[in-house]
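Topology and contacts: notes
So the chains spell out like this:
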Amino acid sequence: MAPAGPAAPEVSRLVFGNSHMFGVMVEIASLRGRSFSSKQISDATQLSPGIVHPLIQKLRRARFIEFVEQVHGERTLLYRVVENHVWEAASRYADERDAAGERSAS
């Protein structure tokens, strides 16, 4: 089912210029400050790496996330959130999404 509210693709496209950006941001926010890779976000959102990787790079250029390290012996790059009010909003949406998921599972 497509997300409703601020993560709806049409809203994300209007606000961020990309249908998937806010969904990616919600997934990142749901990690609660833990480092992450582009592949983790791709797997969580079920979006192709070809969609997620450029969005991760845009977030990095905007200084919404920062590079942490490259996983030893791999090409995997890890990132973390740079705290700001946009992430607070995305975290609230992730909380509401998770709570709604728990209600529908019961």
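Structure: above.
Summarised in this report is the structure supplied together with it.

Conventions used here
- Residues numbered from 1 in each chain as written.
- Predicted model: local features only at pLDDT ≥ 70, side-chain atom pairs only at ≥ 80, totals over all residues.
- Heavy atoms only, no water.
- Phe/Tyr/Trp six-rings, centres within 6.5 Å; stacked < 30°, edge-to-face > 60°.
- Buried < 20%, exposed > 50% of the residue type's maximum accessible area, 1.4 Å probe, protein only.
- Salt bridge = Lys/Arg side-chain N within 4 Å of Asp/Glu carboxyl O.
- Helix = DSSP H or I, 4+ residues; strand = E, 2+ residues; numbered from the N terminus.
- Pairing = 2+ DSSP bridges.

1. Brief notes about the packing of aromatic side chains
Applying the stated rule across the entire model yields five aromatic pairs. Seen in terms of ring centroids, Phe16 and Phe22 are 6.0 Å apart; in terms of plane orientation they differ by 15 degrees. Their pairing is stacked. On the accessibility criterion, Phe16 (34% relative accessible area) is partly exposed. A connected cluster of aromatic rings, assembled from ring pairs, spans Phe16, Phe22 and Tyr93.

2. Details of the pattern of salt bridges
Here the structure, examined in full by the defined rule, presents five salt bridges. Close ionic contact of Arg97 with Glu27 constitutes a salt bridge, the shortest N to O distance being 2.6 Å. Taken together, the residues Arg97 in helix H5 (residues 85-105) and Glu27 in helix H2 (residues 21-29) connect sequence positions 70 residues apart. For Arg97, a relative accessible area of 31% translates into the label partly exposed.

3. Points about the pairing of strand S3 (residues 77-81)
When strand S1 (residues 36-37) meets S3, the two strands line up antiparallel, connected through two bridges. Counted as the bridge partner of Phe36 is Tyr79 from S3. Sheet analysis places strand S2 (residues 65-70) next to S3, joined by five bridges and oriented antiparallel. Note that in S3 the partner of Phe67 across the bridge is Tyr79.

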